[in-house]
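# Geometric and topological summary
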Amino acid sequence: MPEVQALIDSYYQAWFRFHPEFAVELGIEGYAHLLTPCDDNDIGALISLNEKLLNSVEELDTKTLSPASRLDAHVLYGGALLELERLAEQDWRRRDPARFLPVNAIYQLTVREVKDLRHALTSRLQVIPAYLREARTFLREEPEEIPPLWLESAITEAKEGAVYFRDLRHHPRLVEYQLDNELETAAHALEEYAVFLERDLGSIARGDFACGHEYFDMLLRYRHGLNLTADDLHEFGRRLFETTQAELKGETQRLRGDEDIAALTREVQARHPAAADLLDTYRKEMEAAKDFVAQNRLVTLPVEERLRVVETPGFLRHVIPFAAYMEPSPGDAQQKGWYYVTPAESDAALGEHNLASLRHTCVHEAWPGHHCQFVTANLNSVASSLPRLSNPSATLYEGWALYCEQLMQEQGFLDAPESRFILLKDRLWRALRIMLDVELHTRGLEIESAAQRMQDTLGFTHQQAMADLTWYTRAPTVPMGYATGWALIMATREQLQKQDKEFDLRQFHDSLLAEGSIALPYVVKQQFGDSLWDSVRREVFDIA
């Protein structure tokens, strides 16, 4: 065991140099003054680091390791293999202008605890102009390989980031540092970068965002622990979509007397809080959800935690049209999470924050959803090992959050007349995500065709669809994790209930959260055994 821990420690000590923003997110000191290195020597060194790690893990005698250490080594190996594959096959520096943007690198310093904040801010701000000039050098090499959608997103974030930097002069944590000149210089560099992207690359960029069939299948296997192909996954998504759509029509018929899903959606969206009351309404409902979970003993709640509900930062609103959650740093003594709510700029946008759906969102994002799950992982030394923290799987963290919506509806918290309608409509969205995830990355689906399907099926506006799809293109296999994880959790629960007349729901939930945010199949195997996982896999995916 000391051997594998020494391997993990030495690897991450070097790895964080190439991922300084991730180090800050985890509360690892010594990297907060750095931006992500991107010259050829750095990329070569990162490739070499991962190659050596793979060789070292392969040489381990895993039979001598504890189950937890064996799983850590397996997860670490998969993460290094996936990064190595991307570095070898697709150089992000020549096709992804958003990866160079330093906006989050500054933002994270305002919400994470770092030693010598003045030094970290000054160091990062001062190198931004040169960093973005270097970015232009790389992006000029193969501009035709840049996906237009990524280019447009980068332009938007660069412009909004400049506004954000100038606003930071008034931030309460930064006023005393007197960084006006550094912030203005960095803001100007972002504006120049946006002009370069528009003027020099806008008419040339025509690259494909798809990761391809081979890498998609690798992600399924090594990130999510799923021994499936993209085609197997798509078939599961198709079946789930069809059954959910039929259930949704049936629920609409029950509530309205017809199958007009769009009309019922409009009725639900008409009942919403006033714009000025939006944040307070979220705070109230999140506390209500937490109290319900505690009173009904649905899962063991973390002792130490805080959750702040705030407006979404301006530079993120083009990718967070409604709401999102940011988990605490593992080393944060207060375990303070952030829940972002994007201010509604129209009645239609405010309707997305309707009272019934808002309650579902509080369950999904806070209690017993994301906030509960991530804090629980952070406070568990086994679940918060570096390999597990750096290789999360949406099958667990998003699958759990979606499952929580059904759980809280079953238990009586989500008790509005339209709650099951909302539950099914959201599940339909997540089932469609599975198919779109596969088709966008392995079947050549055009982005506008995908947007039209979301508009036709879900009633999304074009803007809403494009905001959702933009991150689908940047995060292959994450969109599929919601409904896939939900289905796996439900099948696991049902099989355990059949096997054990003394089945304890709270204990089941505690077991699911005991291994961290890694691939759900690994959790099921570790907590309930290989044979149960094999049975669940056959049931959910209908394959041998």
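In contact at an axis separation of 8 Å, helix H7 (residues 148-167) and helix H8 (residues 180-201) are set at 160 degrees when each is read in the N-to-C sense. Between H7 and H8, the interaxial angle falls into the category roughly antiparallel. Crossing hand, H7 versus H8: left-handed. Of the residues in H8, those touching H7 at Leu151, Ala154, Ile155, Ala158, Lys159, Gly161, Ala162, Phe165 and Arg166 are Leu183, Glu184, Ala186, Ala187, His188, Leu190, Glu191, Tyr193, Ala194, Leu197, Glu198 and Leu201. Split into classes, the residues belonging to the contact of H7 with H8 amount to 14 nonpolar, two polar and five charged.

Further remarks concern the packing of aromatic side chains. Applying the stated criterion across every chain yields a total of 26 aromatic pairs. Pairing Phe100 with Phe138 gives two aromatic rings, centres 6.4 Å apart and planes at 10 degrees, and the pair type is stacked. Here Phe100, found in the loop between helix H4 (67-89) and helix H5 (103-111), pairs with Phe138, found in helix H6 (residues 117-139); they are 38 residues apart in sequence, far enough to count as distant. There is no split in this pair, since Phe100 and Phe138 are both buried. Here the aromatic cluster, defined as three or more aromatic residues joined through ring pairs, consists of Tyr11, Tyr12, Trp15, Phe16, Phe22 and Tyr31. Across the ring face of Trp429, the terminal group of Arg430 is positioned such that the distance to the ring centre comes to 4.4 Å.

This part is about unusual backbone geometry. Here the bond from Trp367 into Pro368 is cis, since omega is 5 degrees, no more than 30 degrees from zero. Of note, Pro368 is situated in the loop between helix H14 (355-365) and helix H15 (370-378). A positive phi angle, near 50 degrees, is found at Arg297, a position not held by glycine. Among the secondary structure elements, Arg297 is positioned in the loop between helix H12 (278-295) and strand S1 (306-311). A positive phi angle, near 80 degrees, is found at Thr477, a position not held by glycine. Here Thr477 shows up in the loop between helix H20 (462-474) and helix H21 (481-499).

Criteria and cut-off values
Residues numbered from 1 in each chain as written. Predicted model: local features only at pLDDT ≥ 70, side-chain atom pairs only at ≥ 80, totals over all residues. Heavy atoms only, no water. Axes fitted to C-alpha atoms, helices over the stretch in contact; angles between N-to-C directions. Helix = DSSP H or I, 4+ residues; strand = E, 2+ residues; numbered from the N terminus. Parallel < 35°, antiparallel > 145°, perpendicular 65-115°, else oblique. Left-handed = near helix turned anticlockwise from the far one by under 90°. Contact = heavy atoms within 4.5 Å. Nonpolar A, V, L, I, M, F, W, Y, C, P; charged D, E, K, R; others polar. Phe/Tyr/Trp six-rings, centres within 6.5 Å; stacked < 30°, edge-to-face > 60°. Buried < 20%, exposed > 50% of the residue type's maximum accessible area, 1.4 Å probe, protein only. Lys NZ or Arg CZ within 6 Å of the ring centre and 35° of its normal.

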